[in-house]
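Structural description and commentary
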Amino acid sequence: MSRSDDTWILAAQCPSRLGTVDVVTRFLKERDCYITEQQSFDDRLGERFFIRTEFRPLAADFDAEAFEADFATRALEFEMDFELTPPERRTPVVIMVSKADHCLHDLLYRYRTGQLPLEIRAVISNHPDLESLVAGHGLPYHHFPVTPETKSAQETRVREVIEATGAELVILARYMQVLSSEMCARLSGRAINIHHSLLPGFKGAKPYHQAYEKGVKLVGATAHYINDDLDEGPIITQGVEPVSHADYPEDLVAKGKDIECLTLARAVSLHLERRVFLHARRTVVFTR
């Protein structure tokens, strides 16, 4: 079920304490806000509590600023960090891509049809190949070539675009470059990457061909937040697809691309709907 276009989202986390659900629900009742969906989780090992609530204000004169200020006072007792997201908010996004176009095609389609609540501000690539595709959607395309010698300067240009566009999320839609430790730290919690599930067994060129030679029975993809450990950041979601002896390398490639598109789009949607909570090196994900 898709989110109603008149509901707000209150997402919060705090140390595990008695009354954490009550502080949210009681506050919403006092402000004449009707809860339409709520999910919570208490991590007993990490002693951390997470809650996500969708609600609809019943009063026509709902004041978001006053709501946030008053709730911040109430949440202070619980050391609660929270975020309030208004209806129909479109998050500003920058997409980074290299030559493979399947994930970019999929994101552009979902953007154009309104399936994802985002606003693509720019596409950045280290190759010129996809410029015409992006231009066809009326979006800015920045071609920043990179070599080992120019990596630092290239990342500076990338950072400048991200900052200038006000992007709150960066999507690495098959961007085949390793980001520096500094860039990973700067984008912590707001950059999503996608890679096939054949890592670490089949690295390098043509992983699906390697998988075919070994007779794998599953292909899949992992979407995660980036960090300084290559392809090992906190996982948001994963997808798998069965394959068999009847699937040739090109079939594995095709199925792999499909599952990469779907898994990345799902991860982006979960992030935009404030369903993903990042704590330490793990995620709490409230699925629909």
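A quick note: this is a predicted structure, and the numbers were derived from the prediction, not measured.

All right, on to the overall build of the protein chain then. Scanning the protein chain from N- to C-terminus turns up 8 helices and 13 strands. On C-alpha atoms alone, the protein chain measures out to a radius of gyration of 21 Å, which is about the 19 Å that the 2.2 N^0.38 rule sets for 288 residues. Viewed in the frame of its principal axes, the protein chain has a C-alpha envelope of about 60 × 40 × 35 Å. Per-residue burial for the protein chain yields a buried fraction of 45% across its 288 residues. Taking contacts inside the protein chain between residues at least 6 apart in sequence as the whole, the part at least 24 apart equals 67%. Total accessible area computed for the protein chain in this model is approximately 14700 Å², and 50% of it derives from carbon and sulfur atoms. Between the averaged position of the 34 positive side-chain charges in the protein chain and that of its 43 negative side-chain charges there is a distance of 3 Å.

Another point: the packing of aromatic side chains. Considering all chains together, one arrives at 11 aromatic pairs under this definition. Between the aromatic rings of Phe67 and Phe71, the centroid separation amounts to 6.5 Å while the plane-to-plane angle is 15°, which identifies the pairing as stacked. In this pair, Phe67 and Phe71 both sit in helix α2 (residues 64-76), 4 residues apart, roughly one turn of the helix. Residue class for Phe71 comes out buried when judged on its relative accessible area of 0%. Following the ring pairs from residue to residue traces out a cluster consisting of Trp8, Phe27, Phe55, Phe62, Phe67, Phe71 and Phe82.

Moving on, we get to the sheet that holds strand β9 (residues 191-196). Taken together, 7 strands build an open sheet; the order of strands is β7-β6-β5-β8-β9-β10-β11 and the sheet is mixed. Here the strands that pair on one side only, and so sit at the sheet edges, are β7 (141-143) and β11 (235-242). Ignoring strand direction, the axes of neighbouring strands in this sheet form an average angle of 20°. Bridge count for strand β6 (residues 118-125) against β7 is 3 bridges, and the pairing is parallel. Bridge pairing in β7 links Ser125 to His143. In the packing of helix α5 (residues 151-165) onto the sheet, contacts are made with β5 (91-97), β6, β7 and β8 (169-172), and the angle to β6 comes to roughly 165°.

Looking now at the nonpolar core. Counting 34 residues, the largest nonpolar core has Ile95, Leu104, Ile192, Leu264 and Val268 as the members making the most contacts within it. Residue assignment for this core shows that the elements contributing at least two residues are β5, α3 (102-112), β6, α4 (131-135), β8, β9, β10 (218-225) and α8 (249-272). Considering every element that reaches this core, the biggest residue donor is α8, with 7 residues. Here Leu104 is in contact with Ile95, Val97, Val123, Leu130, Leu133, Val134 and Ala173, once residues within four sequence places are set aside.

Most peptide bonds take the trans configuration, and most residues that are not glycine carry a negative phi. The phi dihedral of Asp32 falls on the positive side, at around 55°, and the residue is not glycine. Note that Asp32 resides in the loop between α1 (20-30) and β2 (33-43). Residue classification places Asp32 among the partly exposed positions, given a relative accessible area of 45%. Backbone geometry at Arg274 places phi at a positive 55°, although glycine is not the residue there. Along the polypeptide, Arg274 turns up in the loop between α8 and β12 (276-279).

Criteria and thresholds
- Residues numbered from 1 in each chain as written.
- Predicted model: local features only at pLDDT ≥ 70, side-chain atom pairs only at ≥ 80, totals over all residues.
- Heavy atoms only, no water.
- Helix = DSSP H or I, 4+ residues; strand = E, 2+ residues; numbered from the N terminus.
- Rg over C-alpha atoms; globule rule 2.2 N^0.38 Å.
- Buried < 20%, exposed > 50% of the residue type's maximum accessible area, 1.4 Å probe, protein only.
- Contact = heavy atoms within 4.5 Å.
- Areas by Shrake-Rupley, 256 points an atom, 1.4 Å probe, with all protein chains shown as cover.
- Lys, Arg positive; Asp, Glu negative; His and termini not counted.
- Charge placed at Lys NZ, Arg CZ, Asp CG, Glu CD.
- Phe/Tyr/Trp six-rings, centres within 6.5 Å; stacked < 30°, edge-to-face > 60°.
- Pairing = 2+ DSSP bridges.
- Axes fitted to C-alpha atoms, helices over the stretch in contact; angles between N-to-C directions.
- Core = buried A, V, L, I, M, F, W, Y, C linked by side-chain atoms within 4.5 Å.

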